[in-house]
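Below are the chains, spelled out letter by letter.
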Amino acid sequence: MRTVIGVDIGGSKTHAIRAVDGTPVAEAVAGSANIAAVGEAEAGRQLAAVIGQLDPRGVEAVCAGAAGADGTGSIGTITRLIADLVPGARVSVVHDARLVLAAEGLDAGVALIAGTGSVAWGRRADGAEARAGGWGHLLGDEGSGYHVALDAVRHALARMDSGEPADRLTDAIVARCGLTDRTELIDFVYANQDKRYWAERAGVVAELAADGDPAAGAVLAAAADALAALAARVLGRLDLPGPVVLGGGFAVHQPLLQRAVRERLAGRDVRVLSHAPAVGAVRLAAALPRPEMETL
């Protein structure tokens, strides 16, 4: 009998599952433990809260997936925080994109995430890996909820600069921000740079696009172009036919975006994530070697 914990560290919450021989027996949710977003001290508090609810006694392995877990610094910090909470357990920290394939029970394919940020990560059956995107909001994240919302703002400001009247998309993004006029947008954006806040406003673009608004449709089409391009790069580098699994809050909850990505990846098997990413973390944790096996 082997007991493990899988953790999904997202931008707004941390979800963890305790499993025995692959069967979930308990789960818990706490606030975000994303170090880049909340800092090390708060991340430690949230990890303590979520793991404490699951009882770390007897846990042999923990796998945590975290957005932006790329550099040795962030990975090392999260590893240390978890190791302190689960003494004696084998701890692995991976990029959250890895959880998507694992959650669907896949050993090969491409995870295409569009949430607050965007990234594509793929794996072949022989273990070869490749990634595209995931550069963060200053350098990339095209197709993400954050980027889509700011594209709507840019559209509103471009119309203002051209002397054109406000259109439906302009009025909608202004209202969703709690403002009264598009002239307030510039100061508002610079005063409020919380990526999660803007990602949450991307839904208004998808709603209008679904209702046939051409401006919103153009913004969503550009997002689909960018996401499909990320997936295509990884598929090409790994010489994979698919599948492509769409994950991240924006992609999972926007059918119109899903359809647009499928159209751009015609002929590929494009699926939508159907299990919580933490389920993937459990699968990866269960696959970690036992400490005694490492000495053989």
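Below is a short write-up of the structure. (Residues numbered from 1 in each chain as written. Predicted model: local features only at pLDDT ≥ 70, side-chain atom pairs only at ≥ 80, totals over all residues. Heavy atoms only, no water.)

### A short note on the overall build of the protein
Each helix and strand counted, the protein has 14 helices and 10 strands in total. Taking 19 Å as the expected radius of gyration for a compact globule of 296 residues, we find that the protein reaches 20 Å, a close match to that expectation. In terms of overall dimensions, the protein has C-alpha extents of about 70 × 45 × 30 Å along its principal axes. Residues counted as buried form 50% of the 296 residues belonging to the protein. If you sum the accessible surface of the protein, you get close to 13100 Å²; carbon and sulfur atoms cover 52% of it. The positive charge centre, built from 28 side chains, and the negative charge centre, built from 35, are 4 Å apart in the protein. (Helix = DSSP H or I, 4+ residues; strand = E, 2+ residues; numbered from the N terminus. Rg over C-alpha atoms; globule rule 2.2 N^0.38 Å. Buried < 20%, exposed > 50% of the residue type's maximum accessible area, 1.4 Å probe, protein only. Areas by Shrake-Rupley, 256 points an atom, 1.4 Å probe, with all protein chains shown as cover. Lys, Arg positive; Asp, Glu negative; His and termini not counted. Charge placed at Lys NZ, Arg CZ, Asp CG, Glu CD.)

### A short note on the sheet that holds strand S3 (residues 23-31)
Ordered by their spatial adjacency, five strands build an open sheet running S3-S2-S1-S4-S5, and the pairing between neighbours is mixed. Every other strand in the sheet has two partners, leaving S3 and strand S5 (90-95) as the edge strands with one partner each. This sheet shows a mean twist of 15° between the axes of neighbouring strands, independent of strand direction. Across eight bridges, the pairing between strand S2 (residues 13-20) and S3 is antiparallel. Note on S3: the bridge partner recorded for alanine 19 is proline 24. Helix H2 (residues 40-54) contacts strand S1 (3-9), S2 and S3 of the sheet and is inclined by roughly 150° relative to S3. Against the sheet, helix H13 (residues 277-287) engages S1, S2, strand S4 (61-66) and S5, with an angle of about 140° to S1. (Pairing = 2+ DSSP bridges. Axes fitted to C-alpha atoms, helices over the stretch in contact; angles between N-to-C directions. Contact = heavy atoms within 4.5 Å.)

### So, unusual backbone geometry
The step from glycine 242 to proline 243 runs through a cis peptide bond, and the omega angle for that step is -5°. The residue proline 243 is located in the loop between helix H10 (214-238) and strand S9 (244-247) in this model. One non-glycine residue, aspartate 21, lies in positive phi territory at about 50°. Along the polypeptide, aspartate 21 turns up in the loop between S2 and S3. Exposure remark for aspartate 21: the relative accessible area of 51% places this residue in the exposed category. At aspartate 141, a position not held by glycine, the phi torsion is positive, near 65°. The residue aspartate 141 is located in the loop between strand S8 (129-133) and helix H5 (145-161) in this model. Looking at aspartate 141, the relative accessible area reads 8%, which means it is buried.

### Quick look at the sheet that holds S9
On the basis of which strands lie adjacent, the open sheet formed by five strands has the order S8-S7-S6-S9-S10 and mixed pairing. Of all strands in the sheet, those bounded by a partner on one side alone are S8 and strand S10 (270-272). When strand polarity is set aside, the average angle formed by the axes of neighbouring strands in this sheet is 20°. Where helix H12 (residues 255-264) meets the sheet, its contacts fall on strand S6 (109-114), S9 and S10, and the angle it forms with S10 comes to roughly 165°.

### Here we look at the layout of surface pockets
If you add up the space inside the largest pocket, you get close to 1400 Å³. Surrounding the largest pocket, 44 residues form its lining, Gly11, Ala67, Asp96, Thr116 and Gly117 being those nearest its centre. In terms of residue count, helix H8 (residues 195-200) provides more of the lining of the largest pocket than any other element does, four residues in total. Roughly 270 Å³ of volume is contained in the second largest pocket. Among the elements of the structure, H5 and helix H7 (185-191) are those that each provide at least two residues to the lining of the second largest pocket. In terms of residue count, H5 provides more of the lining of the second largest pocket than any other element does, five residues in total. (1 Å grid on protein atoms, 1.4 Å probe; cavity = no way out; pocket = protein on both sides within 12 Å on 5 of 7 lines; lining within 4 Å. Points joined across faces, edges and corners; volume = space filled by probe spheres on them.)

### A short note on the packing of aromatic side chains
Two numbers describe a pair of aromatic rings. These are the distance of the centres and the angle of the planes. Applying the stated criterion across every chain yields a total of three aromatic pairs. Measuring from ring centre to ring centre gives 5.2 Å for tyrosine 197 and tryptophan 198, while their planes differ by 85°; the resulting arrangement is edge-to-face. A relative accessible area of 1% places tryptophan 198 in the buried class. What links up through ring pairs into an aromatic cluster is the set Phe188, Tyr197 and Trp198. (Phe/Tyr/Trp six-rings, centres within 6.5 Å; stacked < 30°, edge-to-face > 60°.)

### So, the pairing of S2
Within S2, seven of the eight residues are buried, which leaves the element mostly enclosed by the surrounding structure. Joining the antiparallel neighbours S1 and S2 is a turn of three residues. Here S2 folds back onto S3, and the loop between the two strands holds two residues, one of which, aspartate 21, carries a positive phi near 50°.

### Thoughts on the pairing of S4
The element S4 is largely enclosed, with a buried count of six among its six residues. Across the two faces of S4 the burial is the same, with Ala61, Cys63 and Gly65 and Val62, Ala64 and Ala66 all buried. Where S1 lies against S4, six bridges are found, and the strand directions are parallel. Bridged to valine 7 within S4 is alanine 64.

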